[in-house]
Every structure is written in C-alpha cells, then in structure tokens.
Amino acid sequence: MEILRKSHREAQAAVLHDYPSVCAGFSWETARGWLDGLPGGGLNIAHEAVDRHAAGAAGERIAIRWLGKSGTRREIRYRELAELSSRFANVLETLGVARGAGVYLLAGRIPELYLAVLGALKQGAVVTPLFSAFGPDPIATRMTLGEGRVLVTTTSLYRRKVAPIRDRLPSLEHVLVIRDDDVEVLPEGTRELGPLLEAASPDYVIPATAPETPALLHFTSGTTGTPKGALHVHQAVVAHHSTARFALDLRAGDIFWCTADPGWVTGTSYGIIAPLSLGATLVIDEAEFEAERWYRILDEEAVSVWYTAPTAVRMMMKGGSERARTRAYPSLRFIASVGEPLNPQAVHWGVEAFGLPIHDNWWQTETGGIMIANFASMDIRPGAMGKPLPGIEAAVLRRLPDGGVERVAHHDEEGELALRVGWPSMFRTYLHEEERYRRCFVGDWYLTGDLARRDPEGYFWFVGRADDMIKSAGHLIGPFEVESALMEHPAVAEVGVIGKPDPVIGEIVKAFVSLKPGHAPDEALRRELLGFARQRLGPAVAPKEIEIQTSLPRTRSGKIMRRLLKARELGLPEGDTSTLETSR
Ligand code: AMP
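Because the structure is predicted, anything quoted here is derived from the model rather than measured.

### Re the overall build of the protein chain
- Looking only at helices and strands, one finds 19 helices and 28 strands in the protein chain.
- Over its C-alpha trace the protein chain gives a radius of gyration of 23 Å, about what one expects of a compact globule, namely 25 Å for 584 residues.
- Here the C-alpha coordinates of the protein chain stretch approximately 70 × 65 × 55 Å along the principal axes.
- Taking all 584 residues of the protein chain together, the buried fraction comes to 61%.
- One way to put it: in the protein chain the 66 positive side-chain charges average out to a point 0 Å from where the 74 negative ones average out.

### Points about the packing of helix α6 (residues 111-123) against helix α11 (residues 265-277)
- Two elements in contact, α6 and α11, have axes separated by 11 Å at closest approach and are oriented at 65°. In terms of orientation, α6 and α11 fall into the roughly perpendicular class. Crossing of α6 over α11 shows right-handed handedness. For the pair α6 and α11, contact is made by Y114, V117 and L118 and by G271, I272 and L276, respectively.

### A word on the pattern of salt bridges
- Going through the model one piece at a time under the given rule, you end up with 53 salt bridges.
- Among the salt bridges present, the one from R314 reaches E340, with a minimum N-O distance of 2.8 Å. Of this pair, R314 sits in helix α13 (residues 310-318) while E340 sits in the loop between β13 (334-338) and α15 (344-354); the two residues are 26 residues apart in sequence, bridging distant segments of the chain. For the pair formed by R314 and E340, the shared burial category is buried.

### Considerations on the site of the ligand
- Around the ligand sit 18 residues in total, of which D360, N361, Q364, T365 and D450 are the nearest.
- The side chain of D360 places a nitrogen or oxygen atom 2.9 Å from a nitrogen atom of the ligand.
- Within the side chain of K471, an N or O atom sits 2.9 Å from an oxygen atom of the ligand.
- In isolation the ligand has 500 Å² of accessible area, and contact with the protein removes 95% of it.
- Mapped onto the shell around the ligand, the elements with two or more residues apiece are β14 (358-362) and β23 (460-465).
- With three residues, the top contributor of residues to the shell around the ligand is β14.
- When the residues that make up the shell around the ligand are grouped by side-chain class, the tally is eight nonpolar, five polar and five charged.

### Some thoughts on the UniProt feature "domain: AMP-dependent synthetase/ligase" (unreviewed entry) in the protein chain
- Sites flagged by UniProt as "domain: AMP-dependent synthetase/ligase" (unreviewed entry) map to residues 53-431.
- Along residues 53-431 the backbone is 31% helical and 24% strand, and the end-to-end C-alpha distance reaches 33 Å.

### Focus on the confidence of the model for the protein chain
- Mean pLDDT over the protein chain: 95, with 98% of residues reaching 70 or higher.
- Of the regions scoring below 50 in pLDDT, residues 577-583 engages in 19 contacts with residues more than four places distant in sequence or in other chains.

### Describing helix α4 (residues 45-54)
- With ten of ten residues buried, α4 is to be regarded as a mostly interior element.
- Along α4, the residues that are buried comprise I45, A46, H47, E48, A49, V50, D51, R52, H53 and A54.
- Against the buried residues of α4 lie α5 (78-94), α6, β8 (214-220), β9 (228-233), α10 (236-247) and α11.
- Between a side-chain oxygen at the N-terminus of α4 and the backbone nitrogen of A46 the separation is 2.8 Å; the capping residue is N44.

### Some thoughts on unusual backbone geometry
- Although it is not a glycine, L16 adopts a positive phi angle of roughly 60°.
- Tracing the backbone shows L16 in the loop between α1 (8-13) and α2 (19-25).
- The buried category is assigned to L16, whose relative accessible area is 4%.
- Residue D412 is not a glycine yet carries a positive backbone phi of 70°.
- Tracing the chain through its elements places D412 in the loop between β18 (405-407) and β19 (415-420).

### Here's the deal with the layout of surface pockets
- Counted as a void, the second largest pocket has a volume near 230 Å³.
- Lining the second largest pocket are 13 residues, and of these E10, A14, R333, L356 and A376 sit closest to its centre.
- For the lining of the second largest pocket, the secondary structure elements donating two or more residues are α1 and β13.
- The residue inventory of the lining of the second largest pocket, partitioned by class, reads seven nonpolar, one polar and five charged.

### Some thoughts on the nonpolar core
- Membership of the largest hydrophobic core comes to 108 residues, with the highest contact counts inside it found for F88, L248, L276 and Y307.
- Looking at which element gives the most residues to this core, the answer is α6, with eight residues.
- When sequence neighbours within four positions are dropped, the list of residues in contact with L276 reads E48, A49, V50, H53, A63, Y78, L81, L118 and L282.

### What about the environment of A58?
- Looking at the element boundaries, A58 is found in the loop between α4 and β1 (62-67).
- Separated by 79 residues in the primary sequence, A58 and D137 place their C-alpha atoms 43 Å from one another.

### Observations regarding the packing of α4 against α6
- Where α4 meets α6, the axes come as close as 8 Å, and the angle between the chain directions of the two elements is 125°. Considered as vectors, α4 and α6 are oriented oblique to each other. In the crossing of α4 with α6, the sense of the turn from one axis to the other is left-handed. Across the interface between the two elements, I45, A46, A49, V50 and D51 of α4 pack against L118, L121 and K122 of α6.
- Its residues assigned to classes, the contact of α4 with α6 shows six nonpolar, no polar and two charged.

### Quick notes on the sheet that holds strand β16 (residues 387-388)
- The mixed open sheet is built from nine strands, whose spatial order is β2-β1-β11-β10-β12-β13-β14-β15-β16. Each end of this open sheet is capped by a strand with a single partner; those strands are β2 (73-77) and β16.
- Bridge count between strand β10 (residues 255-258) and strand β12 (residues 305-308): three bridges; the pairing is parallel. Paired with W257 across the bridge in β12 is W306.

### What to know about helix α12 (residues 291-300)
- Regarding α12, the residues found buried are A291, R293, W294, Y295, I297 and L298.
- Looking at the residues trailing α12, positive phi occurs at A302, about 55°.

### Quick look at the side chain of S85
- Among the structural elements, S85 can be located in helix α5.
- S85 sits in the buried class, given a relative accessible area of 0%.
- Engagement of the side chain of S85 in a polar contact is seen with the side chain of K122, the distance being 3.1 Å.
- When residues no more than four places from it in sequence are discounted, the contact partners of S85 are L115, L118, G119 and K122.

Definitions and cut-offs
Residues numbered from 1 in each chain as written. Predicted model: local features only at pLDDT ≥ 70, side-chain atom pairs only at ≥ 80, totals over all residues. Heavy atoms only, no water. Helix = DSSP H or I, 4+ residues; strand = E, 2+ residues; numbered from the N terminus. Rg over C-alpha atoms; globule rule 2.2 N^0.38 Å. Buried < 20%, exposed > 50% of the residue type's maximum accessible area, 1.4 Å probe, protein only. Lys, Arg positive; Asp, Glu negative; His and termini not counted. Charge placed at Lys NZ, Arg CZ, Asp CG, Glu CD. Axes fitted to C-alpha atoms, helices over the stretch in contact; angles between N-to-C directions. Parallel < 35°, antiparallel > 145°, perpendicular 65-115°, else oblique. Left-handed = near helix turned anticlockwise from the far one by under 90°. Contact = heavy atoms within 4.5 Å. Salt bridge = Lys/Arg side-chain N within 4 Å of Asp/Glu carboxyl O. Near = heavy atom within 4 Å. Polar contact = N/O pair within 3.5 Å; in protein donor to acceptor, adjacent residues only side chain to side chain. Areas by Shrake-Rupley, 256 points an atom, 1.4 Å probe, with all protein chains shown as cover. Nonpolar A, V, L, I, M, F, W, Y, C, P; charged D, E, K, R; others polar. UniProt positions renumbered as here; feature names shortened; annotations may be inferred. pLDDT = per-residue confidence, 0-100. 1 Å grid on protein atoms, 1.4 Å probe; cavity = no way out; pocket = protein on both sides within 12 Å on 5 of 7 lines; lining within 4 Å. Points joined across faces, edges and corners; volume = space filled by probe spheres on them. Core = buried A, V, L, I, M, F, W, Y, C linked by side-chain atoms within 4.5 Å. Pairing = 2+ DSSP bridges.

Listed below in structure tokens is the structure:
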C-alpha cells in the first residue's frame, strides 16, 4: 500500500507526534481546562471565541480579515469583534427576544453574519445559519421546524426568498436586514440592522450559560421525511477547540482559511468558532470559487492553515499544478480537507502544487466536530480518512439480528462507522424528533450512517453511505426534499431522486419523473421541471438532470426504489434492492 511518509523532523515538529501517549492521557476535562469558562461553571461559545481574547493581550490581533467580492477589505480585531457582537446581543435584548429563541441567518459571507452569530450565542439564542443558495422551500422548512423568531438577512435575499414565504412563517417576529441593493425603502416587515447596532451598547455581560444550554441548530438531510435539526450545546466548544488544535494543527496567531460557507456545519464549527477560540485570524472570502483568486488569497494573505473540500481541490486540479506553482505560499504550513472522499490523486496534487499533501478528515453535522483525521505528524495513506482524535473511540460495527451490534471480525471488513458516545460536540437531539434521534444509537454507540473499514494500522477508510443521501459539491442533500418539491408540479405523478457520480463535484442530483395522464414527455416540459425545481429549491439543492420515464420502479409497499434507479443509471446489475432503504 502506498504511504506518504513524513520525515522524522516534520513529524516531531507537528501536533500529536506522540499520538498514542496523548490519546492515553487525554480527557475532555483536560480539554475543558484549555478554555476559560464563565464564573460559576458556565461555558459560552462566544466568550471562548471572542471575549476572552478581546480582554487580553490578543485584543488588538485581527480576528477577521474579510475580502469583499469587489475588492474591498475589512479587518476586525478581537476587541472590535467583541463589541460588535455585544451590540448584536443588546439588539436582541432590546427587541425582547427570549433566551433560547431561534435566530436564523441567511446571508452570504459578509461581516454582519459573523458578528450576528457570535452576538446571538452570547445572548443565549439558538443559532441557525442557512445557506444563502437555498431556495424558498428549504428555507421555509428549516425555519418552521426550528420556530425561528429572528431572521438576519439582506434586502435582496429577503425580497427573493423570504417575502414569498413569509406567510408560512408564523413564528417569525423580527427580520433584520442589511441593505445590499439600491432600494430606498426597506421591504415591508423588516428593520435595518445597521442603525439598531449603532444605537446598541457595545458592552454586554454574557449571562451564566450552563454548558448544556442549546447553542446551534444545524439542519442535515434525511433519506425520508423533512430535514433533521441537529441540536448542539455550548460545551461543544470544548471539542471545536481541541479538534482544531489536533486535526488542523491550528495555533494562536495562525492565518486560517476555511473555505466552507457558514450555512453548513463546517463553516460554523471551523469557519467561525474553533479558529477564534484558538486566537487565530480568519480569512473570509465573500466571493465564489475561482481558482486564480484562491491561489492569490493563499499566497498574498499569507494563509498558514487551509481547510477546504475535495470538490474545490478537484476544480483547482483541472487547471493543472503549474498554475498553482506560479506562486510560492511561503506561509502555508498545513492543508486539510473534509466533506467527501478525498481521492489519492488530490492528496498528491497538494504536494505538486503547494509542496504539502492534503490531509483528509471526517465528521458530520451530528458529531459537531472532526472525529477522524490525518494529523500533521502522521504518515498519510492517500485515500484513508485517518485515525480517531484523542477523546474519540471509533469502530466498524455490524448490526445483529437481535438489534444489537458487534465489531466486525476482521481488519478491512466493511461495516457501519460508529463512535462511542460522550464527546462534547455530539448532537443532543433531532429537534422534535426524539425517536429518530434514539434510532441512531445502539447501546453507547452512535451509528453514523456511513460504511467504513479499518486497516490493521488503525486507519479508517470511507466505503460509502448506508442510505440514499447525496453528496454534491460537499453538500449533503436529501432525496426526499427534492422529490417533494417536484411532486408539487401539476404534471408530475412520481419522482425518484438519486446521486449520479460526477468526477468533479462527487455526485450530481438527478431526478427521474413519471407524468400524469395528459402531459407529453417532451423537452419543453423537462426544461420547465428543471426551472421549477431550481426556483423552489435553489441552485444548491435542485436537480441538474431530470429524466422522464413512463413509470418508476416501486417496492411492494409502494416506495420508489431509488437504489434500482441508481443501479440502472450506472449500468449495474439490479439485484435485490428492495430492502435497502433506511429511515435515518
Ligand atoms: P454533513 O453532515 O453534511 O457534514 O455530511 C457528513 C457526511 O459527509 C458524512 O456522514 C460522510 O458521508 C461524508 N463525509 C464527510 N467527510 C468525509 C470524508 N473525509 N470522506 C468521505 N466522506 C465524508
């Protein structure tokens, strides 16, 4: 097997060079000691991320270096970020928003998003960032499930995506907008955030926050039913902090660029909380991916640690490593990737392009933080996700007929990836769906829904998902959500949605539909359906391909057989796929 060896010197200089002994001596209590805490045993994410630095010598350090789409730059120091987020917390207090209320953010990567997330966490709200490329349907579903009381968004996003569904959001009381278009008059039912922030006090005393206080609600998709709201608590910050230290080799003073959008869990846990808790400087780029721009940022912003995703790496690879090599990246020390399988070629391409391999790591919305990683000190087996972090016990299990589980008998045998419960950033429930939450656990194992194997040296390898979830450009998409939107079209009788493999973005969303009598399966209708889905779901979730069929295969109980559609799409033997659907 191929191994990319780290030199002794490299390994010794990097974090976790003494992995076995750190694991043996590690406890979450110790990791908690790396944070400040609040008087009386409290723990608040925003205090650990911002206020504790602001008050000390790091107050003048740059917390956020924001690069606007059009070339503007803004630097926010820790002290200023503490004040701005306190202003936002005070705005919530002035509006009479109760602790524990849902505060939603729907915006591109603009400074207001970051200060609002941190301010809401200070105040005790439960924060949900929504991906700004969602269409009105995914926004409505998520805001209804989480009973969002406050929404922070921009005037243009509000007009396009929220105004049309406002009557479906009865719990929404306050919409605070940032002007991002030339409108003179604000949309009806909104207030402008800027003047409210200006009028608010920059001082805010964070209330005593019990470590188990809910903090973040991140939505993730299920195979069936609506998206699931994974609820995380304030003490998740203990894991954010320690996992960034271990898996990303992140240190105070690093210039850190996490390319994930805060609308997804990576962009919040590692795009905001973890690096700030360590006293790093965040680089935030408002613009969308563009290879040349990314090379420039890595070089000119002197990024030292870069956390990105396989889709982005593959998009850069398309341009060849010569383009990358026109620059030097003198500050770059560590590159990591997450969200989808990182193919071995991508690991090597890192060496060709930047002189550094790309380190894969694994986690998911429910785990709140990185669980398995290729550490900076470790020899890399390209294609492997790495080893469990200190404090994390991972195993490959198989389910038993009696409902129990056991470890697979041999190395390299496939099974379901499971984690022993008890780490601080583990989700505490699926909001309003206790039963669905309980079904994720057998004894004290949390079953992740991923299939994996473990090699004799203890590296974990990703095999696939145990369910029908789709990973497209690193975003987890539930087929049910896409099917439900298409079913709303008057011509559609049946829908089945699958992930179709794609060499760059992993999978594309593909829908198969059959039509109601009286509708012709022509190109005009196919295009209409594509547009219809895009309008409702937004470009991040909508199918890129739609195929019209006379009828779709169903199980005896009437469920559309997505697995069979997928097997046919891939030209694979159809086999017995009727029992493969799970309900996670
Ligand atoms: P999400 O909850 O949206 O972050 O998606 C989590 C899922 O993404 C995991 O359950 C995996 O299926 C997939 N995933 C995350 N990281 C990796 C990785 N390093 N390799 C393969 N799949 C991954």
